[in-house]
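Chain by chain, the residues:
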Amino acid sequence: MKNPVLYRRRLIPEECILLKNDRILLNEAGILVTGWQAIRPRKDLHHGFSCYYFREGYKVSKFYAADHRLLYYYCDIISHDFDEQKNTLVVTDLLADVIVYPDGFVKVVDIGEMAQALEENLITVPQLKSALHSLNSLLERVYAGDMASLTAPIDRFDFP
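Residues numbered from 1 in each chain as written. Predicted model: local features only at pLDDT ≥ 70, side-chain atom pairs only at ≥ 80, totals over all residues. Heavy atoms only, no water.

- The protein chain is annotated in an unreviewed UniProt entry as DUF402 domain-containing protein from Eisenbergiella massiliensis.

Right under this line is the structure:
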């Protein structure tokens, strides 16, 4: 896939957004690294970097304040669809997220939304199974202290 046009799709709330301001920094071997500004500006979150691990089914992001202070790592469970003819990549957020704070505290969020999405037929059983496997794999790496490895592709482009 050659530097595709990126879209972020959410199931809850349902939306699909063109990530027109994301900069593709690296695109190789099943990963994609982007730099971005917050889509919806907030007092705390200003910008960040994301590394999409397509084979593994998750995205690891570093969220920063305007003063470049690391707020936390935000990890999304994802699936993706690439349209070669249009050169578009739609990344679907499969709801479960893992937040890792700089002090090492880990928080898993939005598991209930996975059940809601299944009940409302927004996600299939195979998608849910895949999402749970990806979540488990990600958590195993986080709990093993592997954040440095997960963020290594981002750190090549991150602020000094």
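1. Thoughts on the packing of helix H2 (residues 125–143) against helix H3 (residues 147–155)
Part 1 of the argument: Where H2 contacts H3, the axes come no closer than 7 Å and their chain directions differ by 105 degrees. As the angle between them shows, H2 and H3 are arranged roughly perpendicular. Between H2, through Leu138, Arg141 and Val142, and H3, the contact on the second element is made entirely by Met147, Ser149 and Leu150.
Part 2 of the argument: Of the residues contributing to the contact of H2 with H3, the split by class is four nonpolar, one polar and one charged. (Axes fitted to C-alpha atoms, helices over the stretch in contact; angles between N-to-C directions. Helix = DSSP H or I, 4+ residues; strand = E, 2+ residues; numbered from the N terminus. Parallel < 35°, antiparallel > 145°, perpendicular 65-115°, else oblique. Contact = heavy atoms within 4.5 Å. Nonpolar A, V, L, I, M, F, W, Y, C, P; charged D, E, K, R; others polar.)

2. With respect to the pairing of strand E5 (residues 47–53)
Part 1 of the argument: Taken across its seven residues, E5 has seven buried, putting it largely inside the fold.
Part 2 of the argument: Of the two faces of E5, the one lined by His47, Phe49, Cys51 and Tyr53 and the one lined by Gly48, Ser50 and Tyr52 are each fully buried.
Part 3 of the argument: Here strand E4 (residues 31–37) runs beside E5; their pairing, made up of seven bridges, is antiparallel. The residue bridging Trp36 from the neighbouring strand is Gly48, located in E5.
Part 4 of the argument: Two strands pair when backbone bridges link them, and E5 and strand E6 (residues 58–64) are joined in this way by seven bridges, in the antiparallel orientation. Paired with Gly48 across the strands is Phe63, a residue of E6.
Part 5 of the argument: Between the antiparallel neighbours E5 and E6 lie four residues, among them Gly57 with a positive phi of about 85 degrees. (Buried < 20%, exposed > 50% of the residue type's maximum accessible area, 1.4 Å probe, protein only. Pairing = 2+ DSSP bridges.)

3. As for the nonpolar core
In summary, soluble globular proteins display a tendency toward joint burial of nonpolar side chains.
Part 1 of the argument: With 31 residues, the main nonpolar core has Ile77, Leu138 and Leu150 as its most contacted residues.
Part 2 of the argument: The element contributing the most residues to this core is H2, with six residues.
Part 3 of the argument: Other than its neighbours up to four places away in sequence, Leu150 contacts Tyr53, Tyr58, Val60, Leu138, Arg141 and Val142.
Part 4 of the argument: Core analysis: the next-biggest nonpolar cluster, separate from the first, contains 10 residues, Ala38, Ala65, Leu71 and Tyr74 among them. (Core = buried A, V, L, I, M, F, W, Y, C linked by side-chain atoms within 4.5 Å.)

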